[in-house]
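Structural description and commentary
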Amino acid sequence: MKNLLLIALTVIAFNLNAQSINLKASVQSPICNGDATGAIDVLIDGGTAPYTIEWYNAETQTLIPGQTSSSISSLLAGKYAIVVSDNVGLSTVMKIVIGQPDALVLAAFALGTSGPGANDGSINLTVRGGTHDYFFAWDNGATSEDISGLSAGDYTVVVTDGYGCQKSVTRTVSDVSMISNGGNNNNQGIKAPNTNAGGNNMTTSMFPNPASDFLRVNTKGDAQISVVNVNGQEVI
């Protein structure tokens, strides 16, 4: 009698486990920041087939139309949910988060030449985000992160990360002497004349002007410098 009772309890427990729906997700993140290359594959175990499947954008709580299989692709980074219902009306929900690499960010500072015809300009490049390692392709043929020995002109670099994601930036190496005396291009600088007030001989030059990211200021002697934005507000 005890053996028969044990067998009956075992059969009941097995049936209860078979009715529950268990989900296990495998997630593929987008290769590049902002790309729609993410994917989710869900393994369904238990329940009673066939299954009805719905996918939702969990951030907007909206149904993703046309997605009725246990796999979904072409996804941006974000939060998603899958709802699986079996043939006897049992349902389960799983929420899934897809991450992504940080965006590639390039910061480049150009140092002008010492004079007309000189080849001593340089560009210092700093890269953040993406996936290591980084590969550099300058339009002058250089493949290093920073470049030097440059004449005046525009230089563009394309940075490729370890997954093939790319970002480019262009910087102008200017003739410092020409910048200090003004000019008609967007990279012109300003130069304060020598003054002897109070016994100080002070020369100050700043370029490029206007500037949006990097700014170089050269001073000889004591100087008080103020920087204002396009609205006339003092920022430094």
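Residue numbers restart at each chain and count upward from 1, following the sequence in its written direction. Reporting of local features is limited, given that this is a predicted model, to residues whose pLDDT is at least 70; pairs of side-chain atoms are given and counted only at 80 or more, and all residues count toward the totals for whole chains, interfaces and linings. Side-chain numbers come from the whole structure's heavy atoms, not from hydrogens or water.

A word on the overall build of the chain
Condition: Here a strand is any run of E in DSSP of at least two residues, a helix any run of H or I of at least four, and the numbering for each starts at the N terminus. Working definition: with a 1.4 Å probe on protein chains only, accessible area under 20% of the residue-type maximum means buried, over 50% means exposed, and in between means partly exposed. Under the convention used here, a 1.4 Å probe and the Shrake-Rupley method define accessible areas, while residue burial counts only the protein chains that appear.
Of the regular secondary structure elements, the chain holds two helices and 16 strands. When the 236 residues of the chain are sorted by exposure, 29% land in the buried category. Here the chain displays about 14,700 Å² of accessible surface, and carbon together with sulfur accounts for 52% of that area.

Observations regarding the pairing of strand β9 (residues 121-128)
In plain terms, the rule: Pairing between two strands requires that DSSP report at least two bridges joining them.
Here strand β8 (residues 105-111) pairs with β9 via seven bridges, running antiparallel. In the strand pairing of β9, Phe109 is matched with Asn124. As paired strands, β9 and strand β11 (residues 147-150) are joined by three bridges and run antiparallel to one another. Across the sheet, Ser122 pairs through a bridge with Ser148, a residue of β11.

Topic: the sheet that holds strand β12 (residues 153-160)
Consider a sheet: its strands pair through backbone hydrogen bonds, and that pairing is either parallel or antiparallel. For the record, the criterion: To get an axis, fit a line to the C-alpha atoms, keeping to the stretch in contact for a helix; angles then go from 0 to 180 degrees between the N-to-C directions.
Taken together, three strands build an open sheet; the order of strands is β10-β12-β13 and the sheet is antiparallel. If you trace the sheet from one side to the other, it starts and ends with β10 (135-138) and β13 (166-173), each paired once. Geometrically, the sheet is characterised by an average inter-axis angle of 25° between neighbouring strands, direction not taken into account. Examined bridge by bridge, β12 and β13 share eight bridges and lie antiparallel to one another. By the bridge assignment, Tyr155 is partnered in β13 with Arg171.

As for unusual backbone geometry
The omega torsion across Ala49 and Pro50 is 0°, close enough to zero to call that bond cis. With respect to the element layout, Pro50 can be found in the loop between β2 (38-46) and β3 (52-57). Here the amide bond leading from His132 into Asp133 is cis, since omega sits at 0°, within 30 degrees of zero. Along the chain, Asp133 turns up in the loop between β9 and β10. Phi at Gln61 is positive, roughly 55°, even though this residue is not glycine. Relative to the assigned elements, Gln61 resides in the loop between β3 and β4 (62-63). We note that Ser74 has phi near 60°; this positive angle belongs to a residue other than glycine.

Here we look at the nonpolar core
Stated precisely, the cut-off is as follows: Nonpolar cores were defined as sets of buried Ala, Val, Leu, Ile, Met, Phe, Trp, Tyr and Cys residues, with membership established by side-chain atoms within 4.5 Å. Any two residues having at least one pair of non-hydrogen atoms within 4.5 Å are treated as being in contact.
Formed by 19 residues in total, the largest nonpolar core has its most connected members in Ile123, Leu125, Val127, Phe136, Trp138 and Val159. When residues no more than four places from it in sequence are discounted, the contact partners of Trp138 are Ile123, Leu125, Thr143, Ser144, Glu145, Ile147, Tyr155, Thr156 and Val157. Formed by 15 residues, the second largest nonpolar core is a distinct cluster that contains Val42, Tyr80, Ile82 and Val84.

Quick word on the confidence of the model for the chain
When pLDDT is low, close inspection of the predicted coordinates is not appropriate. Defined as follows: Looking at any residue, its pLDDT shows the predictor's confidence there, from 0 to 100.
When pLDDT is averaged across the chain, the result is 80; 67% of the residues are at 70 or more. Ranking the helices and strands of the chain by mean pLDDT puts β10 first, with 98, and helix α1 (residues 2-19) last, with 41. Across residues 1-15 the pLDDT falls below 50, and counting only partners more than four positions away or on other chains, this stretch makes zero contacts in the model. The model gives residues 178-200 a pLDDT under 50, and that stretch makes 39 contacts with residues more than four places away or in other chains.

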